[in-house]
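Take a look at the letters that make up each chain.
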Amino acid sequence: MVQKPMSANNDATSRICLALAQVPTGRVVTYGGLAEMAGLPRAARLVGQTLRKLPRDTTLPWHRVLNAQGRISIPEPGYQRQKSRLEAEGIVLIHGKVDLERFLWQP
DNA sequence: CATGTGACTCCCG
DNA sequence: TCGGGAGCCACAT
């Protein structure tokens, strides 16, 4: 079998997934916060790209990731999907945004 | 090795 | 509250 070009990838991706898996139900984190948790400070955009690539059937709580303002940062139809999942966990959105002071998860 | 990209963030008006 | 612009990081080409 040879191969596996394996672009540097996996490392950062797995770290992000591991960090995301730690976010408990009913709590949220920001892209930047998750990046920091993954040991990639300031790589918020990378987190976004990584989450965007997750399969629809992933078990990871991708919906618990919001932008620094507590707002859902993805376009439709993803927006509605994320909003529904959040509300299903008791995370309330007021005027389209989550009160981070109340739901942000900080270990 | 150079260039383009984005589910980001911060700052300013 | 909203929009524009600069900064940033790692990945894709």
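Definitions and limits used
- Residues numbered from 1 in each chain as written.
- Chains lettered and ligands numbered in written order.
- Predicted model: local features only at pLDDT ≥ 70, side-chain atom pairs only at ≥ 80, totals over all residues.
- Heavy atoms only, no water.
- pLDDT = per-residue confidence, 0-100.
- Helix = DSSP H or I, 4+ residues; strand = E, 2+ residues; numbered from the N terminus.
- Contact = heavy atoms within 4.5 Å.
- Core = buried A, V, L, I, M, F, W, Y, C linked by side-chain atoms within 4.5 Å.
- Buried < 20%, exposed > 50% of the residue type's maximum accessible area, 1.4 Å probe, protein only.
- Near = heavy atom within 4 Å.
- Polar contact = N/O pair within 3.5 Å; in protein donor to acceptor, adjacent residues only side chain to side chain.
- Nonpolar A, V, L, I, M, F, W, Y, C, P; charged D, E, K, R; others polar.

1. Some words on the confidence of the model for chain A
Here is step 1: Overall, the predicted model of chain A reaches an average pLDDT of 91, with 91% of residues at or above 70.
Here is step 2: No element of chain A has a lower mean pLDDT than helix α1 (residues 10–21), at 91, and none a higher one than strand β2 (residues 65–66), at 98.
Here is step 3: Low pLDDT, under 50, characterises residues 1–7; the stretch is placed with one contact to residues that sit more than four places away or in other chains.

2. Brief notes about the nonpolar core
Here is step 1: Membership of the largest hydrophobic core comes to 18 residues, with the highest contact counts inside it found for L20, V29, L34, V47, L51, L54 and V65.
Here is step 2: For this core, the secondary-structure elements that each account for two or more residues are α1, α2 (31–37) and α3 (44–52).
Here is step 3: For this core, the element with the highest residue contribution is α1, accounting for four residues.
Here is step 4: If sequence neighbours within four positions are ignored, L51 has contacts with L20, Y31, W62 and V65.
Here is step 5: Listed in part, the ten residues of the second largest apolar core include L86, L93, L100 and F103.

3. Details of the protein's contact with DNA strand B
Here is step 1: Near DNA strand B you find 15 residues, and of these R45, N67, A68, S73 and I74 are the closest.
Here is step 2: Backbone sugar and phosphate groups make up 45% of those atoms of DNA strand B lying within 4 Å of the protein.
Here is step 3: In the model, a phosphate oxygen of DNA strand B is placed 2.8 Å from a nitrogen or oxygen of the A68 main chain.
Here is step 4: Within the residue set of the surface near DNA strand B, elements represented by two or more residues are α2 and α3.
Here is step 5: Here the element with the most residues in the surface near DNA strand B is α3; it accounts for seven residues.
Here is step 6: A per-class count over the surface near DNA strand B returns seven nonpolar, six polar and two charged.

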